[in-house]
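Fold and contact review
Chain by chain, the residues:
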Amino acid sequence: LATRLRPRLKTARQGFVWLVGAGPGAADLLTLRAQRILHEPDVIVHDALVPEAVVAMAAATPPASMSASARAAIRQSQDEINAILVREGRRPEAGVVRLKCGDPLVFGRAGEEMAALRAAALSFEVVPGVTSALAAAAEAEIPLTLRGTASTLVFATGQDAAGDVLPDWAGLAFSGATVVVYMGRSVASRVAARLAEAGLNPATPVAIIESATLPGRRVISGSLTDLAAYGSGPDSGGPALILIGDAVAQGALGAAEPLVPARELAA
Ligand code: SAH
């Protein structure tokens, strides 16, 4: 979504782009720096996963001169988004905020955007955000590292588990690492099969956190064996993270929903 917030004075000065992490969902998990910068832009370009409440903070900020208008739905390719950032950033005196969920540098395609901005000789700054893995772990009280149990933490994408090659992070799961799988819902059963084939203990604890810090939050727990069933049930539509590793068992998962559907447990 691109929202034009207010007209700017026309001068010859170069524009500026901020790549800002909006955090995992709850508006109060935004950093103070991000909040300050949200007062700056005249244009905000954001992903669908960025909550309205955070976008509204920008629109609600400075008084009279702000005209929140021109909201165009953009579900564009990365090339098109890069082109929007360059085009908007080149306007004289432009202030462009590129708002991304979580942290911009974690599965946020910020690498491509920074390259495009550099190529266009536009100045930019990256503002970190709370990545969803940290919010998910906090909500389920799961220690991501644990003395004597987990000394490595992996942020992985599930998407590479769809191919024929074992994902490069799979080996780390054996050494006790806590693996957090982003974008894993549709490939959950594949991830489970891959890790099991590779010899990871089927009893390895697994937790899934859907919509961390958002309404509709769900915490689901089980084992690597059970993970195969995830993704086949009804989709809540919310974003989901899969946490795998021995340290996951230390979480407050007493009230979590079981990963295996109840009908299967009864069978
Ligand atoms: N830059 C983001 C990640 C973007 S990739 C970050 O740092 O968090 C999108 C994936 O992030 C989703 O498929 C999901 O796996 C995860 N995600 C984002 N927000 C989430 C939330 N509130 N709860 C659970 N998972 C979330």
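What counts, and at which threshold
Per chain, residues are indexed from 1 in the order of the written sequence. Local features in a predicted model are, by the rule used here, given only for residues with pLDDT of at least 70; side-chain atom pairs are given and counted only at 80 or more, and totals for whole chains, interfaces and linings are based on all residues. Excluded from the side-chain calculation are hydrogens and water; included are all heavy atoms of the structure. Each helix corresponds to a stretch of at least 4 residues labelled H or I by DSSP, and each strand to a stretch of at least 2 residues labelled E; elements are numbered beginning at the N terminus. In this analysis, two residues are considered to be in contact whenever any of their non-hydrogen atoms come within 4.5 Å of each other. For two strands to count as paired, DSSP must find a minimum of two bridges between them. Note on definitions: angles span 0 to 180 degrees between N-to-C directions of axes, and those axes are lines fitted to C-alpha atoms, for helices only across the stretch in contact. To count toward a patch, a residue needs a relative accessible area over 30% and no salt bridge; like charges are then connected within 9 Å, while nonpolar side chains (Val, Leu, Ile, Met, Phe, Trp, Tyr) are connected within 5 Å. The protein chains shown are the only cover counted for residues, whose accessible areas, like all others here, come from Shrake-Rupley with a 1.4 Å probe. Any carboxyl oxygen of Asp or Glu that lies within 4 Å of a side-chain nitrogen of Lys or Arg is treated as forming a salt bridge with it. Buried residues are those whose accessible area, probed at 1.4 Å on protein chains only, stays under 20% of the maximum for their type, while exposed residues exceed 50% and partly exposed ones sit between those limits. Orientation labels follow simple angle bins: below 35 degrees gives roughly parallel, above 145 gives roughly antiparallel, 65 to 115 gives roughly perpendicular, and whatever is left gives oblique. Two helices crossing with the near one rotated counterclockwise from the far one by less than a right angle form a left-handed crossing, whereas a clockwise rotation gives a right-handed crossing. Three classes are used: nonpolar for Ala, Val, Leu, Ile, Met, Phe, Trp, Tyr, Cys and Pro, charged for Asp, Glu, Lys and Arg, and polar for all others, with Gly counted as polar. For every residue, the predictor assigns a confidence score, pLDDT, that lies between 0 and 100. Residue proximity to a molecule or strand is established when one non-hydrogen atom of the residue lies within 4 Å of it. Whenever a nitrogen or oxygen atom comes within 3.5 Å of another N or O atom, the pair is scored as a polar contact, on the condition that within protein one atom can donate a hydrogen and the other can accept it, and that pairs from neighbouring residues in sequence are kept only if both atoms are in side chains. For this analysis, a ring pair means two rings from Phe, Tyr or Trp (six-membered ring only for Trp) whose centres lie within 6.5 Å, classed as stacked if their planes differ by under 30 degrees, edge-to-face if by over 60, and tilted for the remaining angles.

What about the overall build of the protein chain?
Of regular secondary structure, the protein chain possesses nine helices and twelve strands. Within the protein chain, contacts between residues at least 6 apart in sequence are counted, and of these 79% link residues at least 24 apart.

Points about the sheet that holds strand β11 (residues 240-244)
With mixed pairing, six strands are arranged side by side in an open sheet as β7-β8-β11-β9-β10-β12. Single-partner strands in this sheet number two, and they are β7 (153-157) and β12 (257-258). Pairing between strand β10 (residues 218-223) and β12: two bridges, direction parallel. Residue pairing across strands places serine 221 opposite proline 258, the latter belonging to β12. Here helix α5 (residues 132-139) sits on the sheet in contact with β7, β8 (178-182), β9 (205-210) and β11, set at roughly 70° to β11.

Some remarks on a nonpolar patch on the surface
Taken together, the side chains of Phe107, Leu134, Leu153, Phe155 and Met183 make up a nonpolar region of the molecular surface, amounting to roughly 410 Å² of accessible area. Tracing the backbone through its elements, the reader meets methionine 183 in the loop between β8 and α7 (188-197). Classification of methionine 183 by relative accessible area gives partly exposed; the value is 42%.

Comments concerning the packing of helix α3 (residues 78-90) against helix α4 (residues 110-119)
The N-to-C vectors of α3 and α4 enclose an angle of 45°; their axes lie 9 Å apart at closest approach. Classified by the angle their axes make, α3 and α4 are oblique. Regarding α3 and α4, the two cross each other, and that crossing is right-handed. Seen from α3, the contacting residues are Gln78, Ile81, Asn82, Leu85 and Val86; seen from α4, they are Glu112, Glu113, Ala116 and Leu117. Residue composition of the contact of α3 with α4, grouped by class: five nonpolar, two polar and two charged.

Observations concerning the confidence of the model for the protein chain
Mean pLDDT for the protein chain: 85, with 84% of residues reaching 70 or above. Segment residues 61-74: pLDDT under 50, and 35 contacts once partners within four positions in sequence are set aside and those in other chains are kept.

A word on the site of the ligand
Looking at the ligand, there are 18 residues lining it, with Asp103, Val106, Thr131, Ser132 and Ala240 nearest. In the environment of the ligand, an oxygen atom lies 2.8 Å from a nitrogen or oxygen atom belonging to the backbone of aspartate 103. At 2.6 Å from an oxygen atom of the ligand is found a side-chain nitrogen or oxygen belonging to threonine 131. Burial of the ligand by the protein chains amounts to 92% of its free accessible area of 550 Å². Within the shell around the ligand, the residues separate by chemical class into 13 nonpolar, four polar and one charged.

Points about the packing of aromatic side chains
By the definition in use, this model includes three aromatic pairs. Plain terms: the ring middles of phenylalanine 107 and tyrosine 182 are 5.0 Å apart, the flat faces sit at 55° to each other, and that makes the pair tilted. Of this pair, phenylalanine 107 sits in the loop between β5 (95-100) and α4 while tyrosine 182 sits in strand β8; the two residues are 75 residues apart in sequence, bridging distant segments of the chain. Judged by its relative accessible area of 38%, phenylalanine 107 falls in the partly exposed class. In textbook terms, an aromatic cluster arises when at least three aromatic residues are bridged by ring pairs, as seen for Phe107, Phe155 and Tyr182.

Some remarks on the pairing of strand β3 (residues 43-46)
Here β3 shows a buried face lined by Val43 and Val45 and a second buried face lined by Ile44 and His46. In terms of strand pairing, β3 meets β5 through four bridges, oriented parallel. The residue of β5 that forms the bridge with valine 43 is valine 96.

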